[in-house]
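Residues per chain are reported as follows:
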Number of protein chains: 2
Amino acid sequence: MTEAERSALMALAGELADAAGTAALHHFRTADLGADSKLSDAFDPVTAADREAEDAMRAILRQQRPNDAVLGEEMGHQPGSSGLTWVLDPVDGTRGFLAGTPTWGVLVAVSDATGPLYGIIDQPYIGERFMGGFGTARMRGPRGETKLATRPARPLAEAILLTTYPELGTAEETRAFHNVAARARLTRYGMDCYAYALIAAGQIDLVIEADLQPHDIHAPIAVIEAAGGIVTDWRGGPARNGGRVIAAANRAVHAEALDLLAPAGD
Amino acid sequence: MTEAERSALMALAGELADAAGTAALHHFRTADLGADSKLSDAFDPVTAADREAEDAMRAILRQQRPNDAVLGEEMGHQPGSSGLTWVLDPVDGTRGFLAGTPTWGVLVAVSDATGPLYGIIDQPYIGERFMGGFGTARMRGPRGETKLATRPARPLAEAILLTTYPELGTAEETRAFHNVAARARLTRYGMDCYAYALIAAGQIDLVIEADLQPHDIHAPIAVIEAAGGIVTDWRGGPARNGGRVIAAANRAVHAEALDLLAPAGD
């Protein structure tokens with residue numbers, strides 16, 4: 001891939017995140033949001049935000065990259081012929097969105113058969129964008145634009161661990177997580193995809209989750225690896241298919257946490 | 001109190017929040033933050049943020065309101081003679097601050113013997129300020145300025161409940177909380193003082209916490225009550241002394257949750 005092709009893909013990823021963010025924000029913290037909706041409803045304002053945001057991204061891709069595949073949360077897989085797939089989560093963290101917390105985000109990744117090449121984690125309410133891949137790792141936010149770099153190695157006993165819910169998935173998965181949490185310096189909950197951004201930004205050491213979909217993790221993989229971190233499944237293998245995922249600021253803290261998770265990973 | 005006196009107090013509260021936010025942001029997400037600090041250390045960058053932010057507020061108060069009392073998290077109680085007390089938490093949610101999450105806030109309240117009269121919950125990284133009391137309930141944020149109003153009544157089964165940690169305090173307190181959580185539509189964690197702002201903004205229904213200090217709750221009481229909500233202890237009495245606190249969008253959901261908490265409140 002030429003430098004020009006990479007630049008074009010990065011610019012397009014930004015355009016997709018812009019479009020999705022605008023569509024999702026239109027529904028964020030609206031007065032009726034949640035008033036009549038239930039998490040189990042097939043259609044509610046959160047779903048509307050999700051669909052409209054994914055629609056906006058797919059419309060751009062149809063026009064500009066008709067030969068690329070698209071894998072999106074709401075509308076499934078659209079095959080392509082270019083070898084590239086856009087992996088999209090229009091509103092990652094729909095429950096956070098529903099509660100009005102600025103912890104949800106738009107996830108955009110462009111991937112090939114080896115995994116994510118470039119990704120964006122975008123929180124449009126705060127106005128923060130975390131970008132990584134193709135040799136770059138940067139963030140733009142309320143205080144301007146800076147490089148992203150994960151934290152240097154420190155023991156798990158000094159590490160900060162984030163996840164979204166204290167109950168990760170199965171009882172075994174939850175037990176494995178709390179094995180790690182019990183040894184970490186600080187465990188916090190509720191951050192949705194924003195937790196992955198905080199690893200890339202050098203603020204925390206670990207995110208551990210279970211039961212993820214590919215669209216949940218492609219963009220975080222790209223951003224975190226570009227910033228110097230590592231993202232795998234609980235056995236140390238590739239995380240791009242989702243499932244049980246551990247993201248770490250560096251190999252040392254990754255290895256220490258993996259030892260505690262591995263029994264559940266078998 | 002005259003209208004002019006109220007306006008002066010509101011303007012001064014804003015000035016205090018500005019000064020504290022600037023001081024705290026100076027330390028937020030700095031590269032060294034957390035690198036050498038431990039939660040148990042007497043002095044670390046989080047403590048520096050806390051102290052400098054409270055110093056900044058106390059310096060303004062000494063000059064402009066020398067006869068008012070001050071109750072601050074870091075520097076304790078400074079008696080006064082006016083009957084008014086400024087209740088200050090320079091960085092509420094120091095663990096969120098340490099993890100880089102924009103869930104911490106500056107809390108400023110001006111109170112008399114009856115409780116908080118006016119309060120501000122400020123999240124300076126996002127640039128959001130929630131203000132309530134003296135007949136006003138407003139927020140200012142990335143999308144401009146709007147009125148604050150809590151949600152209309154809905155059953156607990158449709159309510160959104162927030163708290164910071166799944167372990168609230170004692171085992172009995174944690175059990176009581178999970179009694180309510182088990183019946184709510186959605187429970188989320190990790191929001192620090194931002195959770196109280198979300199009640200006032202009409203996004204969620206309940207916040208339940210234990211082991212609070214007066215400086216944690218005076219500003220939320222002012223903002224939430226001004227927006228139409230209710231804040232009490234777990235027995236339905238005043239919450240201004242801290243301890244076990246429940247904040248609710250309306251009396252109906254407050255009553256339903258209180259019934260489930262009350263056994264622990266005795």
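Residues numbered from 1 in each chain as written. Chains lettered and ligands numbered in written order. Predicted model: local features only at pLDDT ≥ 70, side-chain atom pairs only at ≥ 80, totals over all residues. Heavy atoms only, no water.

Colleague: I'd like to hear about the interface of chain B and chain A, residue by residue, with values.
Modeller: Taken together, the contact between chain B and chain A spans 43 residues of the former and 43 residues of the latter. Between chain B and chain A, roughly 3,600 Å² of surface is buried when both sides are summed, and carbon and sulfur atoms account for 52% of that area. Looking only at chain B, the three residues that lose the most surface to chain A are Arg 143, Arg 185 and Arg 188 of chain B, adding up to 20% of its buried area. For the pair chain B and chain A, the interface holds four salt bridges. Close ionic contact of Arg 188 of chain B with Asp 192 of chain A constitutes a salt bridge, the shortest N to O distance being 2.8 Å. At the junction of chain B and chain A, the tally comes to 16 residue pairs in polar contact (both at pLDDT 80 or more). (Contact = heavy atoms within 4.5 Å. Buried area = accessible area lost by both parts, 1.4 Å probe. Salt bridge = Lys/Arg side-chain N within 4 Å of Asp/Glu carboxyl O. Polar contact = N/O pair within 3.5 Å; in protein donor to acceptor, adjacent residues only side chain to side chain.)

Colleague: Got a sec to walk through the pairing of strand S11 (residues 206-212) of chain A? Specific residues and values, please.
Modeller: A regular strand carries its side chains on alternate faces of the sheet. Residues and elements named next belong to chain A. In terms of burial, S11 is largely enclosed, as six of its seven residues are buried. Direction of pairing for strand S9 (residues 160-163) relative to S11: parallel, over a ladder of two bridges. In the sheet register, Leu 162 faces S11, and the bridge partner there is Val 207. Sheet topology note: the S11/strand S13 (residues 243-248) ladder contains five bridges and is antiparallel. The residue bridging Leu 206 from the neighbouring strand is Ala 248, located in S13. (Buried < 20%, exposed > 50% of the residue type's maximum accessible area, 1.4 Å probe, protein only. Helix = DSSP H or I, 4+ residues; strand = E, 2+ residues; numbered from the N terminus. Pairing = 2+ DSSP bridges.)

Colleague: Account for the sheet that holds strand S12 (residues 230-233) of chain A, naming residues and giving values.
Modeller: Residues and elements named next belong to chain A. The strand order S10-S9-S11-S13-S12 describes an open sheet built from five strands, whose pairing is mixed. The outermost strands of the open sheet, each flanked by one partner alone, are strand S10 (186-189) and S12. In this sheet, adjacent strand axes meet at a mean angle of 20 degrees when their direction is disregarded. (Axes fitted to C-alpha atoms, helices over the stretch in contact; angles between N-to-C directions.)

Colleague: Tell me about the pairing of strand S3 (residues 85-92) of chain B, and name the residues and values.
Modeller: Residues and elements named next belong to chain B. Across the eight residues that make up S3, a large majority, seven, are buried. Looking at chain direction, S3 and strand S4 (residues 105-112) are connected through six bridges and run antiparallel. Paired with Leu 88 across the two strands is Val 108, which belongs to S4.

Colleague: Please provide a residue-by-residue account of the layout of surface pockets, values included.
Modeller: In this model, the largest pocket occupies a volume close to 760 Å³. Forming the boundary of the largest pocket are 30 residues, of which Gly 93, Thr 94, Arg 95, Tyr 165 and Asp 216 of chain A lie nearest the centre. For the lining of the largest pocket, the secondary-structure elements that each account for two or more residues are helix H2 (45-64), strand S3 (85-92), helix H3 (94-99), S11 and helix H6 (214-226) of chain A. Element by element, the count of residues in the lining of the largest pocket is highest for S11 of chain A, at four residues. Its residues placed into classes, the lining of the largest pocket shows 10 nonpolar, seven polar and 13 charged. For the lining of the largest pocket, the two domains that each supply at least three residues are domain 1 (3-147) and domain 2 (156-265) of chain A. Approximately 640 Å³ is the volume attributed to the second largest pocket. Along the walls of the second largest pocket sit 24 residues, with Thr 164, Tyr 165, Glu 209, Leu 212 and Asp 216 of chain B positioned nearest its centre. In terms of residues, the lining of the second largest pocket owes the most to one element, strand S11 (residues 206-212) of chain B, which gives four residues. (1 Å grid on protein atoms, 1.4 Å probe; cavity = no way out; pocket = protein on both sides within 12 Å on 5 of 7 lines; lining within 4 Å. Points joined across faces, edges and corners; volume = space filled by probe spheres on them. Nonpolar A, V, L, I, M, F, W, Y, C, P; charged D, E, K, R; others polar. Domains from an automatic or database assignment.)

Colleague: So what's going on with the relation of the copies chain B and chain A? Which residues, and what values?
Modeller: Note on the copies: chain B fits chain A at an RMSD of 0.0 Å, the axial shift is 0.0 Å, and the rotation between them is 180 degrees. The relationship between the two copies is best expressed as a two-fold rotation axis. When the interface residues of chain B are mapped onto chain A, 100% of them again lie at the interface, so the same face is used by both copies. (Least-squares fit on C-alpha atoms with pLDDT ≥ 70 in both.)

Colleague: Report on unusual backbone geometry, specifying residues and quantitative values.
Modeller: All names here are of chain A. At Phe 134, a residue that is not glycine, the phi angle is positive and equals roughly 50 degrees. Here Phe 134 shows up in the loop between strand S6 (128-133) and strand S7 (136-141). On the accessibility criterion, Phe 134 (17% relative accessible area) is buried. In this structure, Asp 192 is a non-glycine residue whose phi angle is positive, near 50 degrees. Structurally, Asp 192 is set in the loop between S10 and helix H5 (194-200).

Colleague: Account for the domain arrangement of chain A, naming residues and giving values.
Modeller: Residues and elements named next belong to chain A. Along its sequence, chain A is carved into domain 1 (3-147) and domain 2 (156-265). Domain 1 and domain 2 are separated by 21 Å when their C-alpha centres are compared. In this assembly, 34 residues from domain 1 lie in contact with 21 residues from domain 2. When the buried area of domain 1 at its contact with domain 2 is split by residue, Thr 103, Pro 116 and Ile 121 rank highest and sum to 29% of it. Our count for the domain 1 to domain 2 interface comes out at zero salt bridges. At the level of secondary structure, the elements contributing two or more residues to the side of domain 1 that touches domain 2 comprise S3, H3, strand S4 (105-112), strand S5 (115-123), S6 and S7. Take the side of domain 1 that touches domain 2: its biggest share by element is seven residues, from S5.

Colleague: Give a description of the environment of Val 207 of chain A that names residues and reports values.
Modeller: Residues and elements named next belong to chain A. Structurally, the position occupied by Val 207 is in strand S11. Taking C-alpha positions, Val 207 is 10 Å from Tyr 194, a pair spaced 13 residues apart along the chain. If we ignore the near neighbours within four places in the chain, the residues touching Val 207 are Leu 161, Leu 162, Ala 195, Tyr 196, Ile 199, Val 245, Ile 246 and Ala 247.

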